[in-house]
Every structure is written in structure tokens, then in C-alpha cells.
Amino acid sequence: MPDYDVIVLGGGSAGSSAAAAAVKAGARTLMVNDGELGGLCILRGCMPTKAMLASAHALHEATHTDPFGIRLEGRVTADFARIMERKAELVQRFQRAKIRGVESQDYDVLFGRARFAAGGGVEVEGRRLEARNYVVATGSVPAMLPIPGLDEVPVLTSDDVMRLESQPESLLVQGAGPIGLEMAQFFARIGTRVLLVNRSPLLSRCDSECGEELARALAEEPNLELAVPGRIERLRAAGPGLAARVHAGERRIDYEAQALLMATGRDAALDDLGLEQVGLRATGGRLACDSRMRTDNPRVYVAGDATGAFQILHLANQEGAVAGHNAAGGEPERKIDYRLRMAVIFTDPPFAQVGANEGEARLEGWDPVVGRARLPETGRAITMSVRHGLWKLYACKRTGEILGCSMLGPRADDLIHLVALLMHGRAG
């Protein structure tokens, strides 16, 4: 008899979701967690970054009241130490809730690094354990882009930012995904001088029109300069900081900064898992799986950031639930449905997307029609003095069914859920 029916490697959002689903399906389940319990979202991702952004956006609103006839006397400044202290307090609150949730479940928890072992099972801190099936939910680590001179200069990752004790006076930010965009605007709004570099135009993988609109909005940030599209040619040490040569089109920018913030996304954390012991290997930083979250080894499932795919919290929860249920032999088998995949970038204005964008809809064989509305031309936005915003809706030309939506503008992070609700009911 194996020790467990299901062993889950990883205790973050996907892992705890998988373990809970496996137990619900009747499986004796163990969740192995490496490090502090809470997962990326709570400890170093979604929640702390949103807490920090809330402070930066509050400062921005307090210093931009003139258009509304509101005059604030005196200087409004950022208290970096208090911002980070508030962030830490909120992280502790979310972590306590997460731990209570895990403790209320009927699966076992073991702390340590799990690795697939030769001859079967997994090893955790010298202990061998076996299960009928396994779920890999080991999360992700910050990705690094090779740049000449990188090893000579101070480099921060998004994980490092969470531990900063003092505000940088200047930053060079590489990457304009969610991490890069959010952190660049956060630091710029609290007074740090920031140069944001990205090799492709903003939001080019999501919606280029919204990306152009976001670029126009960010260009108005006093402390933020964009080199997009652009690339860092080389880095070198300059005193305690760095000097960079950046090319952006015809422009050549020589920029000095206190540090480089590497914000080029996250890679699936698959190293040193012993995947070869179960006949698996990561390809292109991904562990391939089918719609049941099952890998090429029918006894091993994968979920969350470890898939190397979407790396979005609510999808990680959904993937974990599917993987855990199927690993436990739950009936009927479940399949993941990415039709309502949703992503949000919490800049100001925020960008939100659900379902397919125009290019994806065409690749999936649809003949989409596109509806557009510029927010600064709508009545409600005009009363709010909105300067930038675009709303695009994609629908099937034949049936009228909504296929997806891209939205850039105030409260897009909330409004996108209305579209998701319509898509859930296949409204047209």
C-alpha cells in the first residue's frame, strides 16, 4: 500500500487547491510545502504589490485634484517605510487566513523540498514517501534576461522589492509585463526616477491598441520614461549603482540608476525536482499537460505556475482543482476550461482582458467583429476628467456570442467581471 493516494508537491494557491480537491474526491492526501506557507500570491505577488500600488495611486490622486476644483495646501509626500510596513501588515493578515484555511482541511502537510526519487515515490528531507498519483504545483521563480554586464551591477527581482528597506532614488526596469508595468509606475509615483525598457510595444501580446493608449497615459507620469520598444545594449558598474546604454528606435539613451529591476516574468520552478525519475522533462520552461492537467506520465499532474503557461492566480486555483480531482480518481474526470481566462494589470489606468483577443479569436477559427469605445468620449468618463481609455469587445460575426474583451480605463479591473458573467452565459 502506498503512503498516500495523492501527494501534492507545493503548497501555494494551486497546491492547496489540488490537495483540497483530492480530499473531496476521497483521496488520502499529503501536501508538501517548501518554505513559508502562503504561496507567491500572498507573500511576494498579488497581494503585496496591490497594497503598494494602492499607496502610490492614493498619492497620485491627492496631488491631482485641481481639475475637480479641489485645492490641497501643503506638500504631499510618500513615506516609503510606512508603505512597506502597511504592506507587511496586510501580507501577515492574508497569510494567517491562508494558514487557517489549510489547517481546516483534511489533508496532511509536510514541510520540505520534495523530489521524485529513483525507484519511485518522492524524497522529502531524507524521507521516502509513495503515492498512487502526484500533482506538481511547485510555483515559479523570477526569470532573468541575459544582458551584457548583468553580473557587474546591482540587480533586484520582484521578490527582492518586497524586502526593500529604503526607497531607491532611481531604477532601470527591464520588462513591461504585469510586474514591470506595475512596479515602474509604483516607484515613479512615489518619487523614484524610472526608465522602463521593453523589447516589444506595450501589451503587444494582449492588445496593441490598448498598449498604445497605455503608453500615452504613462508618458504623462513625471518620473517615468519609456524606452519601448527598446533594449539594454550593455550594463556597467557606476559607483554603487549602474550605467546603461539603451537603444529605443533612433534614440540612444545613456542612463544611470541605483539598480536594475529585472521584471521579465517568472519561470516555472521545475529544477531539481527529479522529473527524469518519472520520465518527464520541461520543454521551453513548461511541463506539458492535457486538458485534464495530466502530464505525459499518467500518474503525474501539474497545476499553477509550474505549468509555465498563464501564471494567473484564479487559473492556478482552477487548474489545481482539476488536477487534484483527477489525480484522486474522481468521477467524472474534469477538464480545464480556459474560455473565460482573465488577466488584469493594476496600473493606473488598469488594463483588463477576458477570453480571446482579436488575434486569438481569428487563430481559433472565429470570424470576429470588433466593437470599440473610447472612454474619454463617454459621458461618465468626461465627468471624471478621464484622459485615457479604450474598450474593445470581440464577438462572433455569425452568432453574436461574445468571444472576449480588452479594456483599459478607470475601474477596468472591476468592470471586466461584468463581461465575464455575460460570457459565462454565452450571451450575444
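In case you missed it, the structure is sitting above this.
Residues numbered from 1 in each chain as written. Predicted model: local features only at pLDDT ≥ 70, side-chain atom pairs only at ≥ 80, totals over all residues. Heavy atoms only, no water.

## Here we look at the sheet that holds strand S2 (residues 29-33)
Here is step 1 of the chain: Sheet architecture is open: 5 strands sit in the order S3-S2-S1-S7-S18, paired in parallel fashion. Only two strands of the sheet have a single neighbouring strand rather than two, namely strand S3 (108-111) and strand S18 (300-302). With direction set aside, neighbouring strand axes in the sheet form an average angle of 20°.
Here is step 2 of the chain: This element, helix H1 (residues 13-24), spans strand S1 (4-9), S2 and strand S7 (131-136) of the sheet and lies at about 170° to S2. (Pairing = 2+ DSSP bridges. Helix = DSSP H or I, 4+ residues; strand = E, 2+ residues; numbered from the N terminus. Axes fitted to C-alpha atoms, helices over the stretch in contact; angles between N-to-C directions. Contact = heavy atoms within 4.5 Å.)

## A few points about the nonpolar core
Here is step 1 of the chain: Leu181, Phe186 and Phe187 are the most contacted members of the largest nonpolar core, which has 36 residues in total.
Here is step 2 of the chain: The element best represented in this core is helix H6 (residues 178-189), accounting for 6 residues.
Here is step 3 of the chain: Excluding residues that lie within four positions of it along the chain, phenylalanine 186 makes contacts with Met52, Leu53, Ala56, Phe80 and Ile83.
Here is step 4 of the chain: In this structure, Ala131, Ala268, Leu270 and Leu280 belong to the second largest nonpolar core, which totals 24 residues. (Core = buried A, V, L, I, M, F, W, Y, C linked by side-chain atoms within 4.5 Å. Buried < 20%, exposed > 50% of the residue type's maximum accessible area, 1.4 Å probe, protein only.)

## A short note on the sheet that holds strand S4 (residues 114-116)
Here is step 1 of the chain: With antiparallel pairing, the 3 strands of this open sheet are ordered in space as S4-S5-S6. The sheet terminates laterally at S4 and strand S6 (127-129), the two strands that pair on one side only. Across the sheet, the mean angle separating the axes of adjacent strands is 30° when strand polarity is ignored.
Here is step 2 of the chain: In terms of strand pairing, strand S5 (residues 122-124) meets S6 through 3 bridges, oriented antiparallel. Looking across to S6, one finds that valine 124 is bridged to arginine 127.

## Quick word on the environment of proline 178
Here is step 1 of the chain: Looking at where proline 178 falls in the secondary structure, it is placed in helix H6.
Here is step 2 of the chain: The exposure class assigned to proline 178 is partly exposed, which follows from its relative accessible area of 45%.
Here is step 3 of the chain: Considered as a pair, proline 178 and alanine 343 are 165 residues apart in the sequence and their alpha carbons are 9.4 Å apart.

These values are about where atoms sit, not about what they do.
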